[in-house]
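Notes for the structure review
Take a look at the letters that make up each chain.
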Amino acid sequence: MAQDFGTPPFFVAFRSEDGEITVHIDTEVIESASHAGILLADFSKHMAIALAQTGKASSPDAAMDEMLDLFEAELNNPTDTPRGGIAN
């Protein structure tokens with residue numbers, strides 16, 4: 001269950017019925033590219049723990065290793081191109 005911290009989320013992702021992913025990012029709360037990097041690292045750690053807890057990885061470390069391998073591969077050879085822009 002989501003916890004209400006009194007502020008709106010800064011990152012939300014949705015998957016449509018056709019599999020397309022829509023991402024909303026509130027850049028007002030992200031101070032810099034360096035800050036975004038810290039947020040991505042923290043998110044990755046939480047994701048690795050969740051994958052291990054749900055049996056989708058043998059451990060958080062194994063999940064992180066696989067995530068980092070695919071992260072680098074996707075950066076080097078993207079399977080798609082993000083579209084969109086800033087919407088107010």
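Before any of the text, the structure's been laid out above.
What follows covers the overall build of the chain. Assigned secondary structure in the chain consists of 2 helices and 2 strands. When its helices and strands are written in sequence order, the chain yields β-β-α-α. Overall, the C-alpha framework of the chain stretches about 40 × 35 × 35 Å when taken along its three principal axes. Counting all 88 residues of the chain, 7% fall into the buried class. Expressed as a percentage of contacts within the chain between residues at least 6 apart in sequence, the contacts between residues at least 24 apart total 5%. Approximately 8000 Å² of the chain is accessible, and the part contributed by carbon and sulfur atoms is 57%. Positive and negative side-chain charges in the chain, numbering 4 and 15 respectively, have mean positions lying 5 Å apart.

With 5 bridges connecting them, strand β1 (residues 11–15) and strand β2 (residues 21–25) associate as antiparallel partners. Note on β2: the bridge partner recorded for Val12 is His24. Here β1 folds back onto β2 in antiparallel fashion, the turn holding 5 residues, of which Gly19 has a positive phi close to 90 degrees.

With that settled, consider the environment of Ile30. Here Ile30 shows up in the loop between β2 and α1 (33–53). A relative accessible area of 21% places Ile30 in the partly exposed class. As a C-alpha pair, Ile30 and Ala52 span 22 residues in sequence and 28 Å in three-dimensional space. Once you skip the residues sitting within four places of it in the chain, Ile30 turns out to touch Phe10, Ile25, His35, Ala36 and Leu39.

What follows concerns the packing of aromatic side chains. Enumeration over the complete set of coordinates arrives at 1 aromatic pair. Relative to Phe43, the ring of Phe11 has its centre 6.0 Å away and its plane inclined at 55 degrees; by these criteria the two rings are tilted. Of this pair, Phe11 sits in strand β1 while Phe43 sits in helix α1, and the two are 32 residues apart along the sequence. Among the residues examined, Phe11 registers a relative accessible area of 42% and is labelled partly exposed.

A few words now on a nonpolar patch on the surface. A surface patch of nonpolar side chains, amounting to about 700 Å² of accessible area, comprises Phe10, Phe11, Ile21, Val23, Ile25, Val29, Phe43 and Met47. Here the nonpolar patch gets 3 residues from one element, more than from any other, and that element is β2. Mapped onto the fold, Phe10 is located in the segment before β1. Relative accessible area serves as the criterion here: at 34%, Phe10 is assigned to the partly exposed category.

About the criteria used
- Residues numbered from 1 in each chain as written.
- Predicted model: local features only at pLDDT ≥ 70, side-chain atom pairs only at ≥ 80, totals over all residues.
- Heavy atoms only, no water.
- Helix = DSSP H or I, 4+ residues; strand = E, 2+ residues; numbered from the N terminus.
- Buried < 20%, exposed > 50% of the residue type's maximum accessible area, 1.4 Å probe, protein only.
- Contact = heavy atoms within 4.5 Å.
- Areas by Shrake-Rupley, 256 points an atom, 1.4 Å probe, with all protein chains shown as cover.
- Lys, Arg positive; Asp, Glu negative; His and termini not counted.
- Charge placed at Lys NZ, Arg CZ, Asp CG, Glu CD.
- Pairing = 2+ DSSP bridges.
- Phe/Tyr/Trp six-rings, centres within 6.5 Å; stacked < 30°, edge-to-face > 60°.
- Patch = residues over 30% accessible without salt bridge, like charges linked within 9 Å, V, L, I, M, F, W, Y side chains within 5 Å.
- Salt bridge = Lys/Arg side-chain N within 4 Å of Asp/Glu carboxyl O.

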